[in-house]
Structure formats: structure tokens, C-alpha cells
Amino acid sequence: MVKEIERAGLPVVHVCTIVPISLTVGANRIVPAIAIPHPLGDPTKPFEEEKAIRRHLVEKALKALQTPVTEQTVFND
Amino acid sequence: MSYRVVHYINQFFAGIGGEEKADHKPEIREGVVGPGMALNNALGDEAEIVATAICGDTYFATDIEKAAVEVLEMIRKYNPDAVVLGPAFNAGRYGSACGAMGDAIATELGIPVVSGMYPENPGVEMYRKSMYIIETPDSARGMGKAVPAMAKMLLKLLKGEKTGLPSEEGYIERGIRINKFYEKLAAERCVDMFVSKLKGEPFVTEYPMPVFDRVEPNLPVTDMKNATVAIVTSGGICPKGNPDHIEASSASKYGEYSIEGYDDLTSADHCTAHGGYDATYADDDPDRVLPVDVMREMEKEGVFKKLHNKFYTTVGNGTAVASAKKFGAAIADKLKADGVDAVILTST
């Protein structure tokens, strides 16, 4: 799906847990997520802290969307 | 003397549990477990499963390198002559785990490894060059077909017998080229093929071209403050009750739902339709998969202009690549027609 959205001309960032699969499939902008059952959250943390983690990931995703890339790029911290 | 084989399987095939047990830590047990029984029978007197290594799919996929080392050390203690992985059919995390283990074992122990997967399993693309992966059907219904083929391949490798072509042995092409003498010159064979093609007759190429389906990255968003951003997910988030009945696996459709007026997704209004991970956390707070709460916050702060008022969703669990392609293209058309500038796609 990421690739088809990219092919249609829209910049897209893939926020996902299993980065090797995203790389294999061919996403160009990749932001590694927390865990498979809760990619943008961490239920072990208090709610406010969890939300801050989520916000940080979304900020990274938006930053990736604003970053020029020429090849597959994983946006780590 | 029979060869010593270690078998690797996931928590599901070990009978430990489904998604709720997918974080099961690696362990190893003496003898056969689950599908190992059939495999052991197929190996006959020539080889025997001495131990079965087990690991939860999510545990493995969360840190592939660490898990591979942990399982490898457990397997090493049994001094195996070969290792069988799976079969994983079309289970993505399981396939990746089998592939990573096969790769680690072949490199570190230098012994034969055989796995079994459906060609669309992401583990195939990642690891087919490292090992023999027998082509299997997409679900465990194909166990009866997969196991004898894997056993046959393993015995061949153990005995150092010559292996045939992928089409003869039933394994997935590894990209290995071998020299071969033909009666006819290359030019003649080439013309023969061309003539067959013109006549519409079948012919087999001697060198299939690799298919690189890569898409060039698009230019970045330059004016985020004025951009409309959409969120899409393969994590199955949908209005509570899953009104369009998106399938828990092998999804045949995607959903389009309004988030107009939602500042936050909660267990009262949304849930996940996904059957490939433990739904507890996503059902408790769907923002953990589709981050509507923080996107709304940032929209209000003016980080970007607008959160698109619809989200698109499907279940990425054993879903055919052809279906995902179709969904992606259709979703992209709609997003473009609605003037969306950029997309965040989340996957579990």
C-alpha cells in the first residue's frame, strides 16, 4: 500500500515495527515503531508518557515527510 | 547412525497459544513437538529430530538479531547435523523468523537448513538466497504437502547429493547460476525461443530477469503548515463492530471512515479487525495504532493545516500482495482527489 501511494505521487512515510519487511517491500521513508501490537504506544507506561512517545513518533514521521530522500531511508532518533 | 536434526517452530505450532502468547521467549525441548511428528516420520530411519526450538513470533520479530542469537545458542548445544525451520506458510513474522534462523545457522554452524514458505511470505524475499525454502501453500492446510518435500530436500543435503533445479525439487529460486552444456549453440536456442514466442507456444527462458518493483521517493512536503495530512493503516483500526466486516486475515477489502469531530479514538467507538496480533492494546486505545489524538493536537497547534477527515484501513495479515496493491492504488486516488498532500501509514 505504501508503494502504491508513493507511485501515485503522494509523499508517504511508513511507521512500522518490523523495519526489515518494510525495506523488503520497498517503502522509501520509514520510521521504526514501538511494538507489533502497539506500534504508536506503550501500555506499560502511564498515559501521559505514552502519549508523549506517540507524539514523538508522529513528529518523526512528519519530519521524514519534509526530508528529501533519494533512496530508502530509515529515520532513527 | 541417523543424522541429528533440530526443528524450529513458533508458539502457535508448539501448541502454546495464539497471538496472546506471541511474546513467548525462546525455549528448546527434547524430541518432537507439533508438526515435528510428521516431519520425523517423513525423515524415516535416516534422520531423527533430537530437539525442537520454540519462539513466539512477536518476540522474534521485535528484535530479530537478538532472538536469532538466543535461539542459535540453544540449538548449538544439541550438535545438530541439520536444522528444519517451519514450515511458515504465509505467516510473515514466522517466515522472517525461520529465515533469520536459517541464515544464522548456515553462517555460524555451516550445516544444511531447510524451510518451507508460501512465495508471498516476506521471509522469502529476505532470505531465499541464504537457504532452500520449499514452496508451500498459504496455510497450514498444506502441511501434508510441505513436510515430505522439506524432508526429502533435507536428506539430499545431509547426504551431499546433488540438488536439482527449483522446478524439479520444489524450492524457491535462490538466484544461483550454474554452468550447463547444451547441444545447440546459444544463438540457435535464442532463435528457437523467439520462434516459439511468435507462434504463441510456451518456452522457458534460461535467465529470468529479476523484477525490481521499486518506486522513486516523492519530493518532500515543503510547506507543512499549509498541508493536509491523511492517516492510513494496515493495522485494522475501524469503527466499533467492524461495520464493513473487514476480514481478520486475507483481507478482501479496505474501509474508508470519517474521523470528523473525533479528537481521540477510544474503546467506546473504535477497535481493530486485525487477527494477526494480540488485539488487547489496540482495542483498549486505538490511538496506539492510528494516532488520531496526537494528530488532532498538532493540527490545533498549527504544525500542519489539516488532518484529513477520513482515514483508510485494512488488515495486513496474510493479505495477498495483489490485494494490497489494489487497495493502495484506490486509496491513493481518493486521497489525491481530496487534495491530501502527504500520508502517514502505520503498520503493526
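Residues numbered from 1 in each chain as written. Chains lettered and ligands numbered in written order. Predicted model: local features only at pLDDT ≥ 70, side-chain atom pairs only at ≥ 80, totals over all residues. Heavy atoms only, no water.

A closer look at the overall build of chain B
Within chain B, the regular secondary structure consists of eleven helices and 13 strands. Its C-alpha atoms give chain B principal-axis dimensions of about 70 × 60 × 35 Å. By residue count, 50% of the 348 residues in chain B fall in the buried class. Within chain B, contacts between residues at least 6 apart in sequence are counted, and of these 73% link residues at least 24 apart. Here chain B has roughly 16700 Å² of accessible surface; of this, 53% comes from carbon and sulfur atoms. Taking the average place of the 37 positive charges on the side chains of chain B and the average place of its 51 negative ones, the gap between the two points comes to 5 Å. (Helix = DSSP H or I, 4+ residues; strand = E, 2+ residues; numbered from the N terminus. Buried < 20%, exposed > 50% of the residue type's maximum accessible area, 1.4 Å probe, protein only. Contact = heavy atoms within 4.5 Å. Areas by Shrake-Rupley, 256 points an atom, 1.4 Å probe, with all protein chains shown as cover. Lys, Arg positive; Asp, Glu negative; His and termini not counted. Charge placed at Lys NZ, Arg CZ, Asp CG, Glu CD.)

Focus: the side chain of Asp57(B)
Residues and elements named next belong to chain B. Structurally, the position occupied by Asp-57 is in helix H2 (residues 57–62). A polar contact is formed between the side chain of Asp-57 and the side chain of Asn-10, at a distance of 2.9 Å. With residues near it in sequence (within four places) discarded, Asp-57 still touches Asn-10, Gln-11, Ala-22, Arg-93 and Tyr-94. (Polar contact = N/O pair within 3.5 Å; in protein donor to acceptor, adjacent residues only side chain to side chain.)

Considering the nonpolar core
All names here are of chain B. Residues Tyr-8, Phe-60, Met-101 and Ile-344 are the most contacted members of the largest nonpolar core, which totals 125 residues. Counting residues domain by domain, this core receives three or more from each of domain 1 (3–169) and domain 2 (224–346). Those residues in contact with Tyr-8, other than ones at most four positions away along the chain, are Ala-53, Cys-55, Phe-60, Val-71, Val-84, Leu-85, Gly-86, Tyr-94, Ala-97, Cys-98 and Met-101. (Core = buried A, V, L, I, M, F, W, Y, C linked by side-chain atoms within 4.5 Å. Domains from an automatic or database assignment.)

Focus: the layout of surface pockets
Empty space among the atoms becomes visible once a probe the size of a water molecule is rolled across them. Considered as a void within the structure, the second largest pocket measures approximately 370 Å³ in volume. As for the second largest pocket, its lining consists of 19 residues, and the residues nearest its centre are Pro37(A), His38(A), Asp23(B), Thr58(B) and Thr62(B). Listing elements by their share of the lining of the second largest pocket, those giving two or more residues are H2 and helix H3 (64–76) of chain B. Here the lining of the second largest pocket takes three residues from H2(B), the largest share from any one element. When residues of the lining of the second largest pocket are sorted by domain, at least three fall in each of domain 1 (3–169) and domain 2 (224–346) of chain B. (1 Å grid on protein atoms, 1.4 Å probe; cavity = no way out; pocket = protein on both sides within 12 Å on 5 of 7 lines; lining within 4 Å. Points joined across faces, edges and corners; volume = space filled by probe spheres on them.)

Notes on the sheet that holds strand E4 (residues 82–89) of chain B
All names here are of chain B. Taken in spatial order, the six strands make up an open sheet running E2-E3-E1-E4-E5-E6, and their pairing is mixed. The open sheet has two free edges, formed respectively by strand E2 (27–30) and strand E6 (132–135), since each of these has just one partner strand. Each strand axis lies, on average, 25° off the axis of its neighbour in the sheet, ignoring direction. Sheet analysis places strand E1 (residues 3–10) next to strand E3 (residues 47–55), joined by eight bridges and oriented parallel. Directly across from Val-6, in E3, lies its bridge partner Ala-51. Each of E1, E4 and strand E5 (113–117) is contacted by helix H4 (residues 92–108), which is oriented at about 165° to E4, the strand it contacts most. (Pairing = 2+ DSSP bridges. Axes fitted to C-alpha atoms, helices over the stretch in contact; angles between N-to-C directions.)

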